[in-house]
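Residue-level structure breakdown
Each chain, letter by letter, is given below.
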Amino acid sequence: MIVQRAINRVRRSKGLPLPASKHSPDLASAQVAGGLRAWLIALGVGAAVFLLAYVCIDLPRRFGHMAPVWLANAVVLSALLSKNVRYWPVIVACSAAGTLLASLVLGVSPPLAVGFMAANVSEYVVCAWAVRRVVGRELAIDQPRHLVFLALFGVLGAVISAAVATLVFALVGAADLPLKAVSWMLANALGLMLLAPCLLALNQARTLLAGRPLTRRSWIAMVALVGVAFLVFGQTRYPLLFLIPPVLVFVAFELEMLGAAVGMVLLGVIAVVLTAMNRGPVALVDGDLTERALFLQLFLVVCVFAALPLASSSAQRRRLKAQAEEAAKVKAEFMANMSHELRTPLTAMLGFAQLVEGQPELSSETRGYVQRVANAGKALRATVNDILDFSKLEAGQVEIKPDSIAPADLVREVVELFSAQAREKGLTLETAGLEGLPLQVLADGDRLRQILLNLIGNAVKFTDEGGVTVTARYEPDARLTLTVADTGVGVAPDQAGQLFQRFAQVDGGASRRHGGRSARSPRRYRR
């Protein structure tokens, strides 16, 4: 209490609002408003459960079979997964009352009505608790992992509900218990998978549409699904169920999770209503109404488990692509900034190297060393400049900038950089044909230098005996040809096809012995 008073004095001295006391009028009003809102939500869910339960019980009873799909529990499950746990008792109580009231209004005996209510309550409570336990507070319906857990625990809840309902049927002496158990489980599981993802997707519609906005193609896909559904289930002459999956896949690709969920609800409503009117391909099934309802359930289950995972995977692929593009953009910006930071001290190093090279008192040997430093710095500067074009390299937009260069001097400069390394290994490093080159040619000197650095460097690195020869030739059609030949191990004919694959090595053992990359790695840049 003393500490709280001290904090309040500090907040008051700075003009900050004081925290609301648990006895303050504002907090009490907020609690009353929150409780009233929870009751309004629960009453709305209960009313929806009553209407759906009434329809799902009354319509099939008129045709003498069980409900092919039970939608009421999906409303409750969606409400539980969308609200805080503290609202769950109120929502469950109102939903149970709605189910019980619908059964009693339709003339179901009180013991059966109470038993069916217990079966339904066990289904959505178990499913909601398990999903919240595994996934957490935020359920993203377009996440494949979340959708898998929703389907898994939905089936688990339907199995538990069917077990409770079967026990109730057994207590009242009903016949055909296995068929009733399977029909109950399929109807409840199908209802959850049909309506729950749709309601959850509608609750997250703003987020889903931000990632995949509505387009003309998406509207066309949805209209096509409705039209094909009426075409398939509105006639009883041809078994045209095979027309549904392609259109449903089209909807899943165009609208992802939101479209697949809404599309499945529309398809389910059209299929159930027209089948109850003895229309559609299901009417062609040779069997009673219960067997036809079971066939329709299986068809809708297959559609659900085909469309929803496909839509979820499509959304996941789109997010991964966006993340990859963003990562590539960040990488390109980082490389550009880093290149600028590297070029600043490198420019100073080259400047001082040129100043030292201009000193008259240097010996010829020392001047040669300084020239090698300068040439190596120029090569490094060219590489840094290439890093600045990294984004263009990734996009395949490398710019060639031809300029007038002295090809013989360029070859000599690059060869001179590796002369010390070749002498240490006892190799010869020679040039041939330089005297036959023109004084000037039109070429990109930086790119040509980079290629020679890669090829000569690897030739020296992977040659243990003999030597390396760089041959230059000027063709009559104004083409400059440079060849780097060595007496190393070379590349096996069966591995030559991997020469221009990025980050690949012909012989990892050779690379480890000599250090660094294999002789094939830099040849990615030869062409």
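Up top is the structure these notes are about.
Owing to the predicted nature of the structure, the values given are computational and were not obtained by experimental measurement.

To continue, consider a nonpolar patch on the surface. On the surface, Y54, V55, L101 and V105 cluster together into a nonpolar patch covering about 340 Å² of accessible area. Within the residue set of the nonpolar patch, elements represented by two or more residues are helix 2 (25-62) and helix 4 (88-105). Summarising the element assignment, L101 is placed in helix 4.

Next up on the list: the sheet that holds strand 5 (residues 480-486). With mixed pairing, three strands are arranged side by side in an open sheet as 2-4-5. Each having just a single partner strand, strand 2 (428-432) and strand 5 make up the two edges of the open sheet. Each neighbouring strand pair of the sheet contributes to a mean axis angle of 10°, computed without reference to strand direction. The sheet contacts of helix 14 (residues 407-417) involve strand 2, strand 4 (467-474) and strand 5, and relative to strand 2 the element is tilted by about 175°. In the packing of helix 16 (residues 445-461) onto the sheet, contacts are made with strand 2, strand 4 and strand 5, and the angle to strand 5 comes to roughly 15°.

This paragraph deals with the pattern of salt bridges. Pairs may arise between side chains of opposite charge once their charged atoms sit close together. Summed over all chains, the structure comprises eight salt bridges. Residue E254 pairs with R217 through a salt bridge whose shortest N-O separation is 2.7 Å. Note that E254 is positioned in helix 10 (residues 244-276) and R217 in helix 9 (residues 216-233), a separation of 37 residues in sequence. E254 gets classed as buried once you look at its relative accessible area, which sits at 11%. A salt bridge links R372 to E416, with the shortest nitrogen-to-oxygen separation between them at 2.6 Å. Placement of the pair is R372 in helix 12 (residues 364-388) and E416 in helix 14, with a sequence separation of 44 residues.

For H146, the location among the structural elements is in helix 6 (residues 144-171). In contact with H146, not counting residues within four places along its chain, are V135, E138, L139 and A140.

Counting 86 residues, the largest nonpolar core has L77, F233 and L300 as its most contacted members. Ranked by residue count, the leading element in this core is helix 10, at 16 residues. Once residues within four sequence positions are removed from consideration, L300 is found in contact with L190, L194, M264, L267, G268, A271 and V272. Counting residues in each nonpolar core, the second largest holds 24 residues, with V414, A422, L437 and I456 among its members.

So, how was this worked out
Residues numbered from 1 in each chain as written. Predicted model: local features only at pLDDT ≥ 70, side-chain atom pairs only at ≥ 80, totals over all residues. Heavy atoms only, no water. Patch = residues over 30% accessible without salt bridge, like charges linked within 9 Å, V, L, I, M, F, W, Y side chains within 5 Å. Areas by Shrake-Rupley, 256 points an atom, 1.4 Å probe, with all protein chains shown as cover. Salt bridge = Lys/Arg side-chain N within 4 Å of Asp/Glu carboxyl O. Helix = DSSP H or I, 4+ residues; strand = E, 2+ residues; numbered from the N terminus. Pairing = 2+ DSSP bridges. Axes fitted to C-alpha atoms, helices over the stretch in contact; angles between N-to-C directions. Contact = heavy atoms within 4.5 Å. Buried < 20%, exposed > 50% of the residue type's maximum accessible area, 1.4 Å probe, protein only. Core = buried A, V, L, I, M, F, W, Y, C linked by side-chain atoms within 4.5 Å.

Geometry only, nothing functional implied.
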